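Below are the chains, spelled out letter by letter.
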Amino acid sequence: MGGVRDVLRTAGSLGRFFVALPLVARRAAALAPADARALALRHAAAARRRAGLDLVIEGAERVPGAGAFVLVYNEGSLVQDLANLEMLARFGIDRAVLAAEYGLIPFFRRAAPRWGVVLLRRGHPTEVARTLDALVAALRAGERVSMAPQGRISPDGGVCHFKRGAFLVAIRAQVPVVPVGIRGGAEILAPGSIRMRPGVLRYRVGRPLPVAGSSEADAPALAERARREVEQLVNSDDAPSSCAAPR
């Protein structure tokens, strides 16, 4: 019976979240940005509570109190979608970069500007360059940006290779990188599973990584340093994951 309950929990929380998302997006597209964000936040928080998930944020005092930065985090499970919005709202993120595939959800692309969501179409160099330039301009104007540099959900819940785009943006804008390690997602909903269990999503904030004096040639090294920081935050009590190699 436990397995049946877990599957029903997935359908009633994560499934319901995505099924209703087009309706939420359609409504948000007609609202002012602050109201649109509040609507999305309520939708995600309600789904998280239905799933029996607790959200814990550790080290929030490490987030700069003022000024722009690039926040980077790992993707350990799809279930993080139920809590990421609360984390980003807590840290005052102005622009959240998501994979372009989210734009396939009906009305999502229309709502994205209201939500402060930037859709990144990886594999299309011209479009990627244009998006990165826009993010640099936003950072120079004092906005805060979040990106998930893995570019995919980890196949085993570990911290995978970090792509360099987020770090190029930080270096060009000369703003710090704030690493966040997210733990618990793979235990709640393992990759490839449809059985969701109650649990805790734990967001651990690391110390900001300065970029002063760095050039674009330093982006890969900065990406690897950030990946190691995130891995340490995620696995502080465990052996590190083997998911670091790029594919």
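Residue numbers here run from 1 along each chain, matching the order of that chain's written sequence. This being a predicted model, a pLDDT of at least 70 is required before a residue's local features are given, and a value of 80 or more before pairs of side-chain atoms are given or counted; all residues contribute to the totals for chains, interfaces and linings. Just so you know, side-chain values use all the structure's heavy atoms and leave hydrogens and water out.

Time to look at the sheet that holds strand β6 (residues 177-183). Ordered by their spatial adjacency, seven strands build an open sheet running β1-β7-β6-β2-β5-β3-β4, and the pairing between neighbours is mixed. Since the sheet does not close on itself, it has two edges, and those belong to β1 (53-58) and β4 (117-120), each with one partner. With strand direction ignored, the average angle separating the axes of adjacent strands in the sheet is 25 degrees. Pairing between strands requires that DSSP locate at least two bridges from one strand to the other. A run of DSSP states H or I qualifies as a helix once it reaches four residues; a run of E qualifies as a strand once it reaches two. Both are numbered from the N-terminal end. With six bridges connecting them, β1 and strand β7 (residues 199-205) associate as parallel partners. By the bridge assignment for β7, E58 is matched with R204. Packed on one face of the sheet, helix α8 (residues 219-234) meets β2 (70-73), β6 and β7 and runs near 35 degrees to β6. The convention used is that axes are lines fitted to C-alpha atoms, helices contributing only their stretch in contact, and that angles between N-to-C directions extend from 0 to 180 degrees. Contacts are residue-level and defined by heavy atoms, with any inter-residue pair within 4.5 Å sufficient.

Among soluble globular proteins, nonpolar side chains are generally buried collectively. Formed by 32 residues in total, the largest nonpolar core has its most connected members in V70, V72, L135, L139, F162, F167 and V177. Broken down by secondary-structure element, the contributors of at least two residues to this core are β2, β4, α5 (125-140), β5 (145-147), α6 (165-173) and α8. If you tally residues by element for this core, the top one is α6, at seven residues. Residues in contact with V177, not counting those within four places in the same chain, are V70, V72, F167, A170, R207, P208, L209, V211 and L222. What is meant by a nonpolar core is a set of buried Ala, Val, Leu, Ile, Met, Phe, Trp, Tyr and Cys residues, joined one to another through side-chain atoms within 4.5 Å. Accessibility here uses a 1.4 Å probe with only protein chains present; expressed as a share of the type maximum, an area under 20% marks a residue as buried, one over 50% as exposed, and anything in between as partly exposed. Among the nonpolar cores identified, the runner-up in size contains 28 residues, and F17, A96, V180 and V205 belong to it.

With that settled, the discussion passes to the pairing of β6. With respect to burial, β6 is a largely interior element, six of its seven residues being buried. Pairing between β2 and β6: four bridges, direction parallel. Bridge assignment links V70 to a residue of β6, and that residue is V177. Note: β6 against β7, four bridges, orientation antiparallel. Bridged to I182 within β7 is Y203.

Here we take up the layout of surface pockets. Approximately 960 Å³ is the volume found for the largest pocket. Site definitions follow a grid-based scheme: protein atoms alone, a 1 Å grid, a 1.4 Å probe that fits but cannot get out for cavities, and for pockets an open set with protein on both sides within 12 Å along at least five of seven lines, plus lining residues having an atom within 4 Å of a point. Surrounding the largest pocket, 41 residues form its lining, Y73, D81, V97, L98 and Y102 being those nearest its centre. Those elements giving two or more residues to the lining of the largest pocket turn out to be α1 (2-28), α2 (33-50), α3 (84-90), β3 (95-99), α4 (108-115) and β4. When grouped by side-chain class, the residues that make up the lining of the largest pocket number 25 nonpolar, seven polar and nine charged. Grid points are joined across faces, edges and corners, and a volume is the space filled by probe spheres set on the points. The calculated volume of the second largest pocket comes to roughly 260 Å³. Considering the residues around the second largest pocket, the lining is formed by 13 residues, among which V128, L132, K163, R164 and G165 are closest to the centre. At the level of secondary structure, the elements contributing two or more residues to the lining of the second largest pocket comprise α5 and α6. In terms of residue count, the dominant contributor to the lining of the second largest pocket is α6 (four residues). Taken together, the residues of the lining of the second largest pocket break down into seven nonpolar, two polar and four charged. Polar here means any residue other than Ala, Val, Leu, Ile, Met, Phe, Trp, Tyr, Cys and Pro, which are nonpolar, and Asp, Glu, Lys and Arg, which are charged; Gly is therefore polar.

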